[in-house]
Amino acid sequence: MRMIESAGYVAAMRHLHSQKDSSGSHPSCRVAVTHRLEHMDFLKPIYIGNLAKLQANVIFVKNASLLVEVIVKAEDLTKASESLCNKAYVWYLSMEKSKEGEDEEKTKLRFPKGENWRKSASTPGLPKSSTHNDKFSQMYAKMYAEREKLKQQVGHGLDDLKSANAMEDEKAETVSEEGGGKKEKEAPCGEGNGKSPDVSASTLTQVMLPSDCGEFHIVYGGTLMKLMDNASGMVAVRHCRSNVVTACVDALDFISPVALGTVVCVNAKATFASSRSLEVVVTVTAETFGQDTAKICVQGTYTFVSLGKDGRVQALPAISPGTTQEKKAYAEGQKRYLKRRELRKSRENESPDVPLNIQYQQQRNMVSDLANPMKDKDAARVVSYIVITQHSTSWLKLEVVRIIA
């Protein structure tokens, strides 16, 4: 996952500095900050010894936000074969240095070097010929709506959030005691022989070092995503007691940046388990030296499947939530699971356009057909490439895009 974010960061930074300003020079004070990772399904695994190939392109720009599409492929060097592993959409926010004497209220971010930064006033655009602007505009609106909702939930800080949860549990216990204590014990949400979420809960703490940061001493989003994957993977292994693999990642929102030298605490806890998949919610908090409070930086949901000795997906233990918060998290996780299942079914029911086993041959043929008629001097200025617009586990829909440079 760190490779995905790194590839997206390079594409975003290249785009931000692809055009010259009014003075004729390239802007040197723009930086791309990881904003959000959209829901991502892992279609196929990458095995040890495979060559991982990542292709990142900026596909949508609006205001100061950039959407980068990252396609991950794996090549088996011993078989001379290549397979599509997954496709990710990563949002970045373009930031620029605040002007001297600018109102502090307009300053959105203070970097560790002591410089004040804000959203870029202007961002290089893309050709208006894209056929998916409506789709990406909807993603843009949905992203900001969900981020505002998330900021309201965690805006009071981690301590206030813990206090609210404790008060809710205490209130539930009080209501139970007022019932006379004769009420039968409520059956757990999961099966009776399920495991408690506390049994597999995991916490990973690490100090952010220079190798984890970029030029401006801000931690790469991919670094945090990797830590989240590690912590949630430990939860899955403890719960399943078997080999596990990441099946999908729900949208990850980067609420606030993490600076060099910050102590990062990654808390992961299982919330819901179906017969074949386990959901783990991960929260990343950052604590700065010299301060007593910690703030929530990233939240996300990872889904794992358990593998047997034969490498096939197998059944896994159920979850038996105990506290009020665990039961609430279980119910919310079940809703997310049903939503993911419906989304997966809707994709599988779509009619296949291009089978996977002939996709690469068709790619070569289409590019060759486009290149052959262009024998004049302008042929070198034409860029042809394949855009994967839709995909499922068994098929891809390809579009040939031709841009005159």
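Quick caveat: nothing in here was measured; it's all calculated off a predicted structure. (Residues numbered from 1 in each chain as written. Predicted model: local features only at pLDDT ≥ 70, side-chain atom pairs only at ≥ 80, totals over all residues. Heavy atoms only, no water.)

Asks: So what exactly am I meant to see when it comes to the pattern of salt bridges here?
Replies: Two side chains that carry opposite charge are able to pair once their charged atoms sit near each other. With the rule as written, the count across this model stands at 14 salt bridges. Between R147 and D253 there is a salt bridge, with its nearest N and O atoms 3.5 Å apart. Linking R147 in helix 2 (residues 133-154) with D253 in strand 10 (residues 252-254), this pair joins segments that are 106 residues apart in sequence. Here E326 ties to K269 by a salt bridge, and the two come within 3.2 Å at their closest N and O atoms. With E326 in helix 6 (residues 324-348) and K269 in strand 11 (residues 263-273), this pair connects stretches of sequence that are 57 residues apart. Through salt bridges with shared partners, one network takes in R36, E38, E146, R147 and D253. (Salt bridge = Lys/Arg side-chain N within 4 Å of Asp/Glu carboxyl O. Helix = DSSP H or I, 4+ residues; strand = E, 2+ residues; numbered from the N terminus.)

Asks: What should I look at first to understand the nonpolar core in this one?
Replies: In globular proteins that are soluble, nonpolar side chains generally tend to be buried together. Grouped together as the largest cluster of nonpolar side chains are 73 residues, with contacts concentrated most on L37, L224, L278 and Y302. Not counting residues within four places of it along the chain, the set of residues in contact with L37 comprises M1, A88, Y89, V90, M225, V249, D250, A251 and L252. (Core = buried A, V, L, I, M, F, W, Y, C linked by side-chain atoms within 4.5 Å. Buried < 20%, exposed > 50% of the residue type's maximum accessible area, 1.4 Å probe, protein only. Contact = heavy atoms within 4.5 Å.)

Asks: Explain unusual backbone geometry here, please?
Replies: Trans peptide bonds make up the majority, and among non-glycine residues the majority have a negative phi. The backbone of A80 shows a phi angle near 55°, a positive value even though the residue is not glycine. The topology assignment puts A80 in the loop between strand 4 (65-76) and strand 5 (81-97). Residue class for A80 comes out exposed when judged on its relative accessible area of 69%. Of note, R241 is a non-glycine position whose phi angle comes to about 55°, a positive value. Within the secondary structure, R241 is located in the loop between helix 5 (221-240) and strand 9 (243-249).

Asks: I would appreciate a short explanation of the pairing of strand 3 (residues 51-62) in the present structure.
Replies: Each regular strand carries side chains that alternate between the two faces of the sheet. Judged from the 11 bridges that link them, strand 3 and strand 4 form a sheet pairing that is antiparallel. Looking at strand 4, one finds that L54 is bridged to V72. From the end of strand 3 to the start of strand 4, which pair antiparallel, there are two residues, and N63 there has a positive phi angle of about 55°. (Pairing = 2+ DSSP bridges.)

Asks: Looking at this model, I keep getting lost on helix 5. Mind explaining?
Replies: The α-helix advances 3.6 residues per turn, and as a result positions three or four apart in sequence lie on the same side. With 20 residues, helix 5 should reach 28 Å at 1.5 Å per residue; the first-to-last C-alpha distance of 28 Å fits that figure. The buried fraction of helix 5 amounts to 15 of the 20 residues, a majority that puts the element mostly inside the structure. Once helix 5 finishes, R241 follows within two positions and takes phi at roughly 55°, a positive value. (Expected span 1.5 Å × (residues − 1).)

Bear in mind that shape data such as this cannot, by itself, settle questions of function.
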